[in-house]
Each structure stands twice: as C-alpha cells, then as structure tokens.
Amino acid sequence: MAANQEQEKEQRRRLLDVASRFPLPSGCRFSYGTAGFRADGATMAPAVCRAGILAALRSVKLAGAAVGIVITASHNPVGDNGVKIADPDGGMMAQHWEPFADALANAPDPDALLQLVLQFVKDEGIPLGGHHTAQVLLGRDTRPTGEYLLDAALQGINAIVGAHAIDMGILTTPQLHWMVRNKNKGIKASESDYFTQLIDSFRRMLELVPKDKGGDELAKKLIVDGANGIGGVKLEQIKAELSGIDIIVRNSGKEGEGILNHMCGADFVQKERVTHHGFSPEDVGVRCASLDGDADRLVYFCVSSASENKVDLVDGDKILSLFALFIREQLDIINNSGSQVNKSLPARLGIVQTAYANGASTQFLKNLGLEVVFTPTGVKYLHKKALEYDIGIYFEANGHGTVVFSEEFLSQLDSLSNELSSETANGSAQYHAAMRLMAASQLINQAVGDALSGLLLVEAILQYKGWSFQNWCELYSDLPSRQLKVKVIDRSSIVTTDSETKVSQPSSLQESIDKETANYTHGRCFVRPSGTEDVVRVYAEASTQVEADSLARSVAHHVEQLLG
Ligand SMILES: CC(=O)N[C@H]1[C@@H](OP(=O)(O)O)O[C@H](CO)[C@@H](O)[C@@H]1O
Ligand SMILES: [Mg+2]
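Residues numbered from 1 in each chain as written. Chains lettered and ligands numbered in written order. Predicted model: local features only at pLDDT ≥ 70, side-chain atom pairs only at ≥ 80, totals over all residues. Heavy atoms only, no water.

Identification of the protein chain as Phosphoacetylglucosamine mutase from Panicum virgatum is taken from an unreviewed UniProt entry.

Right, dumping it as structure tokens:
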C-alpha cells in the first residue's frame, strides 16, 4: 500500500516536472489532425513531449504492447516538424484518443496537465502508478530539429513510471510503423530485417516473371526523386542489393544536393506537373518515381518532351489500378485455371478510394467488375475500410496507399501453395500465381503506405506484365480536374456527408454546387474543410480543363460568398 502511494507520488512529480520543463508558449494551439501535430519545428517541443506522455499511456493501456512515435512533417518545408503516434498494429493511433491528444497538447500549465492525465487514466481505466510496463519505439526523419524534438519525446515518455523508450534512429515513417507492427507480432523487427524482407521478396517476384517478359536495359532503369529526404538515403543503402533493376537516386538527401522537399518530391510533382529540381530534358522517356520527405507517398512520372518542362504523371489512382489488375489476374489464374488439381481460393477483393480519386480511375476499376468503395480523406479511414476485405487495396490520389491481406486469406494461400508445390502442379500457372501473391504480401508494407515497398511492387509488376511507363500511363485517361483552396472565417461551418462528396450544411451550398455541376458534361464537384490546413478545398472534374477550371472557380465563389 505504502509502496503504491510512493509510486503515485513519484508519477505526479514526474508529470509536473516534465510539464514545467516544456511550457506551452502563449498563443500556441495544437490540433491532432490526419497528420498528428505539425507546426514550425522550433515551436514543437511542448507538443512532442506531450505526445511522448500520450504514447506511453497508450502502451500502458494496451498492456505494454509497443507503440510508435514518428517525428516528421512529411512533405512540409524543412523548417516545419511534427509528431504522430502509431498504434500496436502499426496503423494510426485510434481515433477516439484524438480529443485527449488535443487537450493534453494544449494544457496551459503543469497543474492542468497533471489533472488532465489523472482524469483520463481514471476514465479509460489505465493502471497508472502500478507495476505496469510500457514501451515506445521512436523514429525521426532528417529534419534539423529532429534530434532536439526526439529528446523532448524521450522526456515525455520517461515521465510515465515503468515506460521504456527505444530510439530506432533516423527512419522513413513506414519503417517505424512496420517495426511496431512486427514487434507486437513477435517477429523480426529491426531495420536490417526490413531491408532483408524487401530485397528477398522483390527477388522472388522477379523470379516469377514469365521468361518472355524480360525487359531491355531501359525497362530496368528507374530514376528516383528522393525529395532530399530519408527515402533517398535508405534507397541508396539498399539499391546495390536489388537485382534486376538499375536505380539512380536524385535529390538523395546528400550534402549539397538540395533542400528537403524544396522544388522536388511527390507533393511537388503531383501538384505542379512540371520537371523539378534534379531533372532535365535529358531524362525524356525514362521512368521516374518521386517520394515525399518521409517516404510514405509515391507517384511516378516521365519527362514528356525536351522543349517543354511538362511531365506525364502516374498518381496514386494509377498505382492502385496497377496493383488491382495484378492481384485480380493472379486470383483469376488460381481460380479459373484448367489444371487437374482444381483448388480454389475464394477472396473478397476491395478497392478503397476517396472523393479525390479521378473519376476515370473509378470507372476503370468498376469496368473490371471490382468492388470500389469510398471513405473520407485520410489514411486512417482508408486503411480501416481496406481491412474489411480478404485483400484490400487503398490509395489516395496523392500517392498514400498500400495493400492489406487478411490473416485468414494468407493462411489459406499458404496451404494452397504447399499443396500445389507437393503435387505435380509444382511449376504450374496456378502455383506461380499463388507464389506471386505470397511474395507481393511480403513485399508490400501492410502496416501503412510505404513508398519504398510500393515502388518495388510497381517495378516487379511492370516487369511481370512487360509494360513500359507508357503502357501503364495509357490504362485510362484522367479526366481534367482542378483543386482550389478558399479561405473562410470558420471552415468547420461546412459539414459533409457521403464520404465528403456532399455538403449537408449549409444546405444551400449543396444546392448551388448541384446547379453549377449540371452545366458541365462529366461534371463532378465537391467541397470539404481541410483537416490539415485552415482552408476549404474545392475539387472539380469535367471533360475539358477549361470546364474543370470554370466549375471549380464558380463553386469557390459560392463558398466565399456564403462563408467568407
Ligand atoms: C486533398 C489532399 O491531398 N489531402 C491530403 C491532406 O488532407 P486535407 O484534410 O485535405 O488537408 O493531408 C492528409 C495528410 O497528409 C492527406 O491524407 C490528404 O490526402
Ligand atoms: Mg508523407
């Protein structure tokens, strides 16, 4: 009893102490959005320290399961930084803890912080002050404020009695999510295990490429824009071990090559669609990929002409389409093969998109007979929906996405592969298709979208299909689209429904959108408050660029008039 009281006292002392070490500057307000907390790196220490407390509490609540903290601001400018928390399954922190995250980050003084924690642990039934354990894995990107913020996070974690912090070093965001997931599954979880898994499963994918499909030298060449971030650094580390592909890294993050995310990276190329830093007319016709600053986003592009600085873009929607085609094809081979060994593998394949997916991609996927569903913007929604299927494939148009396989499906696939390999069918089309699916499930990062593993899966599939960048690009033609941002007094006054495709409040706004949209062939338009910026986003699609621009502009005008 006395020992418990001592521990409780110690717990209170530590929380008061750490909170007084990281006072909240006046006027600072943090909100745990889709990307966690994000702001100017120099102002982030109080929020990061409190995220440390939060992560340790989450681990205590989940009986000591490992929880992750990533210190990154993704594609934001180099001066910014941020922090987000990974749950034990490697996904984003459970949404119902977000209001507490906000309250904790904004607690005005040490006493308020202590009271908040005590109330929360009581409400959530967290056994604080007892003989619990907690472990938090930390990773950070290459930003200059990363090291100092890591220290703030460590102090936050150590403020919870029994919590143990493990610094995993400078990593891509998806690497840390992968480590958290593996650690909790009790399987290998180090960085070298991550690399080995990528390298081995990529090699297996290439071994399963039909012999007549092997491409020429140009087909094997890939230039990767690393956004001067951590993704380029990691790719440089492993590219020599990736057989069957010749990778050149530009904007690799090496001293003197450029500034993180400045005029380069997936966000830049997807929005601007022009040649960026590190690329020139000499690259015309070569397949290129672009990562963002923390390597959880991937897009592809090709410099289209030497005279103009334009690029042909392959965005998340087309990566999704490629993955969907490949997986569907393997399932069809397994289930419809005419071999004597008639084994089948029933699988529910689900495609998850957001309203920002180009309408042409949705049409393409539906024409293939695939089940396509929509969720609100943000990986946490897409990932959760994808988990409802045996195989779920999700992508945001901007290049965040992955493929998830259910445990049950993987175990059936494993049994099927074993049966096929022991029977005469070893070497049959059915066996190869099963092995391809198995290798793909090991290559792709199932914890979260991962530009490095996604890139290798794309490369393996292009080789399997014997496709050039152009073949891939021509799967379908994107409908012209336009995105605009509108500054309003209070963006939360817009309430949306139907996965953000309709405005429910103010209702007159939806009436105006419907009226405008009816004037355009293939017109589609929606508005929603951004979760990461203080703006309302307007998206419009139509059959020509001029029409898409005009539809977006007129709807933006209605938003301004009504709410500006
Ligand atoms: C249109 C768009 O690209 N929105 C992005 C952006 O969210 P907003 O809520 O739209 O600000 O940032 C999110 C986090 O990175 C990302 O998941 C999402 O796709
Ligand atoms: Mg990112």
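What follows concerns the coordination of the magnesium ion (ligand 2). Bound to the magnesium ion (ligand 2) on the protein side are S74 (OG), D292 (OD), D294 (OD) and D296 (OD), at distances that span 2.0 to 2.2 Å. Taken in chain order, the donor set of the magnesium ion (ligand 2) reads S-x217-D-x1-D-x1-D. The burial state of D292 is the same as that of D294; both residues are buried. (Donors = N, O, S within 2.8 Å, 3.2 Å for Na, K, Ca; no water. Buried < 20%, exposed > 50% of the residue type's maximum accessible area, 1.4 Å probe, protein only.)

Right, let's get into the environment of K211. With respect to the secondary-structure elements, K211 resides in the loop between α7 (191–207) and α8 (217–220). For the pair formed by K211 and Y464, sequence separation is 253 residues and the distance between their alpha carbons is 9.2 Å. (Helix = DSSP H or I, 4+ residues; strand = E, 2+ residues; numbered from the N terminus.)

Across a sheet, paired strands are connected by hydrogen bonds in the backbone, their directions being either parallel or antiparallel. In spatial order, the strands read β12-β11-β13-β14; together these four strands make up an open sheet with mixed pairing. Strand pairing shows two members of the sheet lacking a second neighbour, β12 (371–374) and β14 (401–405), which therefore form its edges. Adjacent strand axes in the sheet meet at a mean angle of 20°, parallel and antiparallel pairs treated alike. Here strand β11 (residues 349–353) runs beside β12; their pairing, made up of four bridges, is parallel. Paired with Q353 across the two strands is F374, which belongs to β12. (Pairing = 2+ DSSP bridges. Axes fitted to C-alpha atoms, helices over the stretch in contact; angles between N-to-C directions.)

The subject of this paragraph is the nonpolar core. General note: in soluble globular proteins, nonpolar side chains tend to be found buried as a group. Residues Y300, F323, I327, I393 and W472 are the most contacted members of the largest nonpolar core, which totals 83 residues. Non-local contacts of I327, meaning those with residues more than four positions away in its chain, are made with L349, I391, I393, V403, F405 and L437. (Core = buried A, V, L, I, M, F, W, Y, C linked by side-chain atoms within 4.5 Å. Contact = heavy atoms within 4.5 Å.)

Here Q353 lies in strand β11. A relative accessible area of 0% places Q353 in the buried class. A distance of 3.1 Å separates a polar atom in the side chain of Q353 from a polar atom in the side chain of S361. (Polar contact = N/O pair within 3.5 Å; in protein donor to acceptor, adjacent residues only side chain to side chain.)

Below, the discussion takes up the UniProt feature "binding site: Mg(2+)" (unreviewed entry) in the protein chain. The residues that UniProt annotates with the feature "binding site: Mg(2+)" (unreviewed entry) are S74, D292, D294 and D296. These residues run over 223 residues, yet every pair of their C-alpha atoms falls within 8.1 Å of each other. Inspection of the secondary structure puts S74 in the loop between β2 (66–71) and β3 (80–86). For S74, the contacting residues outside a window of four places in its chain are R38, D141, R143, N261, D292, G293, D294 and D296. Tracing the chain through its elements places D292 in the loop between β8 (288–291) and β9 (298–303). In this structure D292 touches S74, H75, G226, A227, N261, A266 and R297, once residues within four positions along its chain are discounted. (UniProt positions renumbered as here; feature names shortened; annotations may be inferred.)

Looking down a regular strand, the side chains alternate between one sheet face and the other. Among the five residues of β11, five are classified as buried, and the element is accordingly described as predominantly covered. Where β11 meets strand β13 (residues 391–395), four bridges bridge the pair, whose relative direction is parallel. By the bridge assignment for β13, I351 is matched with I393.

With 17 residues, helix α2 (residues 45–61) extends 24 Å between its outermost C-alpha atoms, agreeing within 8% with the 24 Å of an ideal straight helix rising 1.5 Å per residue. Within α2, 16 of the 17 residues are buried, which leaves the element mostly enclosed by the surrounding structure. One or two positions beyond α2, positive phi appears at A63, with a value near 55°. (Expected span 1.5 Å × (residues − 1).)

This chain's UniProt record puts "binding site: substrate" (unreviewed entry) on E396, A397, N398, R528, P529, S530, G531, T532 and R537. Of the residues examined, E396 reaches a relative accessible area of 7% and is grouped as buried. In contact with E396, other than residues within four places in its own chain, are G316, D317, T354, T377, G378, V379 and L382. At a separation of 2.9 Å, a polar atom in the side chain of E396 contacts the main-chain amide nitrogen of G378. When you line up the elements, S530 lands in the loop between β18 (524–529) and β19 (536–541). Setting aside its immediate chain neighbours within four residues, S530 contacts R491, V535 and R537.

If you check helix α19 (residues 545–563), its first and last C-alpha atoms are 27 Å apart, about what 19 residues at 1.5 Å a residue would give, namely 27 Å. Burial in α19 covers these residues: A548, D549, L551, A552, S554, V555, A556, V559 and L563. Contacts from the buried residues of α19 go to β15 (481–486), α18 (507–517), β18 and β19.

Moving on: the sheet that holds β15. In spatial order, the strands read β15-β19-β18; together these three strands make up an open sheet with antiparallel pairing. Every interior strand has two partners, whereas the edge strands, β15 and β18, have only one. Between one strand and the next, the sheet's axes are offset by a mean angle of 15°, whatever the strand orientation. Both β15 and β19 contribute to a ladder of six bridges, which runs antiparallel. Bridge pairing links K485 to R537 in β19.

Contacts to ligand 1 come from Y356, T377, G378, E396, N398, H400, Q483, R528, S530, G531, T532 and R537. Looking at the shell around ligand 1 residue by residue, the classes come out as one nonpolar, eight polar and three charged. Both domains that meet at the shell around ligand 1, namely domain 3 (317–473) and domain 4 (481–563), each give it at least three residues. (Near = heavy atom within 4 Å. Nonpolar A, V, L, I, M, F, W, Y, C, P; charged D, E, K, R; others polar. Domains from an automatic or database assignment.)

Moving on, we get to the pairing of β19. Of all six residues that make up β19, six are buried, and the element is covered over most of its length. Side chains V536, V538 and A540 of β19 all project onto a buried face; the interleaved residues R537, Y539 and E541 project onto the opposite face, where all are buried too. The pairing of β18 with β19 spans six bridges and is classified as antiparallel. Looking at the pairing, V527 lines up with V538 of β19. Where β18 folds back on β19, the antiparallel hairpin that results is connected by six residues.

Turning next to the packing of helix α11 (residues 316–336) against helix α15 (residues 429–443). Between α11 and α15, the least distance of the axes is 8 Å, while the angle of their chain directions is 145°. Along this stretch, α11 crosses α15, giving a crossing that reads as left-handed. Two secondary-structure elements touch here, α11 through F326, I327, Q330, L331, I333 and I334 and α15 through A429, Q430, A433, A434, R436, L437 and A440. Across the contact of α11 with α15, the residue classes tally to ten nonpolar, two polar and one charged. (Left-handed = near helix turned anticlockwise from the far one by under 90°.)

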